[in-house]
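Chains, contacts and geometry: an overview
Single-letter residue listing:
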Amino acid sequence: MKRILFFLIAVLFVSNLSAEIIKKPIITLNVAKKMAESCLNLAREDNKKINIAIYESPGSLKYYASMDGTYPASEEISRLKGKTTAGLPYSTDELRDMAFSGDNPNQGLLTLPTVVLLKGGVPIILKDGTHVGGVGVSGASGGFDKKCAEEAVKIAKNIMVE
């Protein structure tokens, strides 16, 4: 009798473990390299020196590249921009606008120690709406940094399809 009871409890326990496993696309090293190269080529064409950091969501560094002659501070800024957008599905300038604009600014964003509110951080959101990471670029103007990050994200969206 005890064996039968144990068996029934075990079956009930195991059947509850069969919950659906959510699968999420990942950024492969090959995809990250192609993303970085598109941004680096854009910078070379425009005579800019940039750093690019590509993060998987929620914040593991996947790929980093630094052009010769970049400012030391921009290295860390690119990583912070990338990590910010890997964890939050908004660009860093959208987050800046949320923190400082409108009738109800979200100044709580200012209290988060690693959130950067400078242009140049762009989330990697695939065509199906899946947030898979973020790209941070620093070293040029905020506008160019953002343009470069958006170029890298465009590469990911074109490669990472179901």
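Right, let's walk through the structure included here. (Residues numbered from 1 in each chain as written. Predicted model: local features only at pLDDT ≥ 70, side-chain atom pairs only at ≥ 80, totals over all residues. Heavy atoms only, no water.)

**Topic: the packing of aromatic side chains**
Across all of its chains, the model carries 0 aromatic pairs by this definition. Over the face of the ring belonging to Phe144 we find Lys48, whose NZ or CZ atom lies 5.7 Å from the ring centre. (Phe/Tyr/Trp six-rings, centres within 6.5 Å; stacked < 30°, edge-to-face > 60°. Lys NZ or Arg CZ within 6 Å of the ring centre and 35° of its normal.)

**Quick notes on the packing of helix 2 (residues 29–45) against helix 5 (residues 142–159)**
Their axes nearest at 8 Å, the elements helix 2 and helix 5 cross at an angle of 145 degrees. The way helix 2 lies across helix 5 gives a crossing that is right-handed. Counting all contacts with helix 2, which are made through Val31, Lys34, Met35, Ser38, Cys39, Leu42 and Ala43, the residues of helix 5 involved are Phe144, Lys147, Cys148, Ala149, Glu151, Ala152, Val153, Ile155, Ala156 and Ile159. (Axes fitted to C-alpha atoms, helices over the stretch in contact; angles between N-to-C directions. Helix = DSSP H or I, 4+ residues; strand = E, 2+ residues; numbered from the N terminus. Left-handed = near helix turned anticlockwise from the far one by under 90°. Contact = heavy atoms within 4.5 Å.)

**Let's talk about the sheet that holds strand 4 (residues 131–138)**
A sheet is described by the order of its strands in space; here 4 strands give the open sequence 2-1-4-3, paired in antiparallel fashion. Looking at which strands have only one partner, the edges of the open sheet turn out to be strand 2 (60–66) and strand 3 (121–125). With direction set aside, neighbouring strand axes in the sheet form an average angle of 15 degrees. (Pairing = 2+ DSSP bridges.)

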